[in-house]
Amino acid sequence: MNSGIADKSGQELEVQIIQILKEERPEIDFESSSDLVSDGLIDSFEIVMLITEFEKKFEINIPGDEIVPEAFATIAAMANLIRKLRTGG
Amino acid sequence: MRAYFDSFRISAVIGVVPSSVSYFDDEVPNYTHDVSSSYKLKEIMGYGEHRVVTGNTTTCDLASAGIAELISRGLLHSDEVNALFFISQTPDYIIPATSSFLHGQFHLPADAYCVDINDGCNGYIKGLFESFSFLNATNADCAVIVAGDVLSPLVSRRDRNSFPLVGDAATVTVIRRNKLWANDKISIAIRNDGSGFDKLIVPAGGARQKIIGNEVDELDSEGNSRSVRNLRMNGRDVFAFTQTVVPDFLQEIMEVEGLKPSDVDRFYLHQANAFIIDRLRKKLGASADQMPDRIVRKYGNSSSGTIPMLIATEPKGDQILRCMLGGFGVGLSWGAVNLMLQPTVSQGILEVK
């Protein structure tokens, strides 16, 4: 499940991110929020858990200066972050 | 600020903790959060056990036990103490200074300089600067730093952001004029960002907001419950601070000092939590042996006490260690010290009832 993600479409990546989020907080509709952090749907400790999950699942290393609230504000922002780190951008 | 000293050394460090242990597993039912997320957090953050006082034990009580223990081991004598710095956010009284109480309790000399410094996670770095500066400005030979906090009474039991982290402890460090390593330079750098003063705060209890007795617990957006009498941490901003400002600062200090990670035997960094230590290891390219996290895992985060707790628990060896000490937290404030430590410095952890 964690291999070959770079070959998959961005949409599939977003589906996997939603799946990870749902595992953490199944009761929340993450797609309906325009800012998950500001809306209080993701707190600082959940960001910590997401970093750990993303690094493990997508085989990336998220540097400290990328760990800003905006990077976790939406599914698209998280996908962009992962895509950027996967391609070394 | 940056400062350099070359004629002083740390000669002994001891940690003191209460014997009562609180386990994260027992605390999980106190939190409103999903149980499985709490256990996942336990693994990531290194939550397991931490020390929490029972009754009215104070930071000063723990410190007294540590000073008495060093005296009983012949590592300190009351009549040789020229200065005592009490670094803590939990003094016995608003008035007078706790250092004055300790001065009286141990019958320190009348010309001993005693002062309290209200500081937390970067407090030990400031305590070292104060001690070296004091010794540098006088012809004195011995300064003592008490650093630590009994913070658990100020933290809500229903605050998952903070309660699992806190560990009550005090430490005692003896600083002496260095007759052995006169050529060994000690460097200290300290920085502050007061615009972040409210990122870690106990809102009530000081002159700005008095406790009137009817403070009620409120649930925050992250599901934690606390009142204005409790410590509150802006987890998001503090976390961002530890991931950006702190590693950049430590890298800068390493460059200024001309040190590569492999040149440093130990990075004794403030034990905020295991996740942050792990991130700092990766950023600085240090191993787990070089940058230990044993204090936060076993005892919890005792603010200014964690760095000296690391020194106190260094496994016995015969090597002189090149050490980079790093503190960061409340203020916001952060700092680093580059110095050498002798293997005989570490005096372990004393448990008191």
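Scroll up to find the structure this text is about.
Draft legend 1. Examining the pattern of salt bridges more closely. Residue and element names in this part refer to chain B. With the rule as written, the count across this model stands at 26 salt bridges over all chains. Arg-51 serves as the salt-bridge partner of Glu-351, at 3.1 Å between the closest nitrogen and oxygen. Residue Glu-351 is found in strand β17 (residues 346–352), and its partner Arg-51 is found in strand β4 (residues 49–51); the two are separated by 300 residues along the sequence. The class for Glu-351 is partly exposed, based on a relative accessible area of 44%. With a shortest N-O distance of 2.9 Å, Glu-80 and Arg-176 are connected by a salt bridge.

Draft legend 2. Representation of the environment of Phe-275 of chain B in the model. For Phe-275 of chain B, the position within the fold is in helix α8 (residues 274–284). Relative accessible area serves as the criterion here: at 6%, Phe-275 of chain B is assigned to the buried category. For Phe-275 of chain B, the residues in contact, after removing those within four places along its chain, are Val-48, Ile-51 and Thr-52 of chain A together with Ile-44, Met-45 and Phe-239 of chain B.

Draft legend 3. Representation of unusual backbone geometry within the structure. In this model, Ile-95 of chain B is joined to Pro-96 of chain B through a cis peptide bond whose omega is 10°. Summarising the element assignment, Pro-96 of chain B is placed in the loop between β5 (83–87) and α4 (98–105). The amide bond that connects Gly-331 of chain B to the next residue, Leu-332 of chain B, takes the cis arrangement and shows omega of -10°. By secondary structure assignment, the location of Leu-332 of chain B is in the loop between β15 (321–329) and β16 (333–341). Here the phi dihedral of Glu-59 of chain A falls at roughly 50°; this positive angle occurs in a residue that is not glycine. Here Glu-59 of chain A lies in the loop between α2 (44–58) and α3 (75–86). On the accessibility criterion, Glu-59 of chain A (54% relative accessible area) is exposed.

Draft legend 4. Quick look at the layout of surface pockets. Residues and elements named next belong to chain B. There is about 360 Å³ of room inside the second largest pocket. Contributing to the lining of the second largest pocket are 19 residues, with Asp-220, Ser-221, Glu-222, Met-233 and Asn-234 lying nearest its centre. Of all the secondary structure elements, the ones that give two or more residues to the lining of the second largest pocket are β13 (232–233) and α6 (235–243). In terms of residue class, the lining of the second largest pocket is made up of three nonpolar, seven polar and nine charged.

Draft legend 5. Representation of the state of the cysteines within the structure. Residues and elements named next belong to chain B. For the coordinates displayed, the defined rule picks out zero disulfides over all chains. Lacking any disulfide linkage, Cys-60 is separated from the closest cysteine sulfur, that of Cys-114, by 12 Å. Summary of cysteine pairing: Cys-121 is not part of a disulfide, and the nearest cysteine sulfur, belonging to Cys-323, is at 20 Å.

Draft legend 6. A look at α3 of chain A. Taking 1.5 Å per residue, twelve residues should reach 16 Å; α3 of chain A reaches 16 Å between its end C-alpha atoms and fits that length. Listed in full, the buried residues belonging to α3 of chain A are Ile-75, Ala-77, Met-78, Ala-79, Leu-81, Ile-82 and Leu-85 of chain A.

Draft legend 7. Local environment of the sheet that holds strand β9 (residues 186–192) of chain B. All names here are of chain B. One open sheet holds the five strands; their spatial order is β1-β9-β16-β15-β14, and the pairing between them is mixed. Where the open sheet ends on each side, the last strands, each with one partner, are β1 (2–5) and β14 (266–269). Averaged over neighbouring strand pairs, the angle between their axes works out to 15° when direction is ignored. Where β14 lies against β15, four bridges are found, and the strand directions are parallel. Looking at β15, one finds that Tyr-268 is bridged to Leu-325. Each of β1, β9, β14, β15 and β16 touches helix α7 (residues 245–257); the most contacted strand, β16, lies at about 40° to it.

Draft legend 8. Focus on the environment of Leu-81 of chain A. Residue and element names in this part refer to chain A. Relative to the elements of secondary structure, Leu-81 occurs in helix α3. Judged by relative accessible area, which is 5%, Leu-81 ranks as buried. Among residues more than four places away in sequence, those in contact with Leu-81 are Ile-62, Glu-66, Ala-71 and Phe-72.

Rules and cut-offs
Residues numbered from 1 in each chain as written. Chains lettered and ligands numbered in written order. Predicted model: local features only at pLDDT ≥ 70, side-chain atom pairs only at ≥ 80, totals over all residues. Heavy atoms only, no water. Salt bridge = Lys/Arg side-chain N within 4 Å of Asp/Glu carboxyl O. Helix = DSSP H or I, 4+ residues; strand = E, 2+ residues; numbered from the N terminus. Buried < 20%, exposed > 50% of the residue type's maximum accessible area, 1.4 Å probe, protein only. Contact = heavy atoms within 4.5 Å. 1 Å grid on protein atoms, 1.4 Å probe; cavity = no way out; pocket = protein on both sides within 12 Å on 5 of 7 lines; lining within 4 Å. Points joined across faces, edges and corners; volume = space filled by probe spheres on them. Nonpolar A, V, L, I, M, F, W, Y, C, P; charged D, E, K, R; others polar. Disulfide = S-S within 2.5 Å. Expected span 1.5 Å × (residues − 1). Pairing = 2+ DSSP bridges. Axes fitted to C-alpha atoms, helices over the stretch in contact; angles between N-to-C directions.

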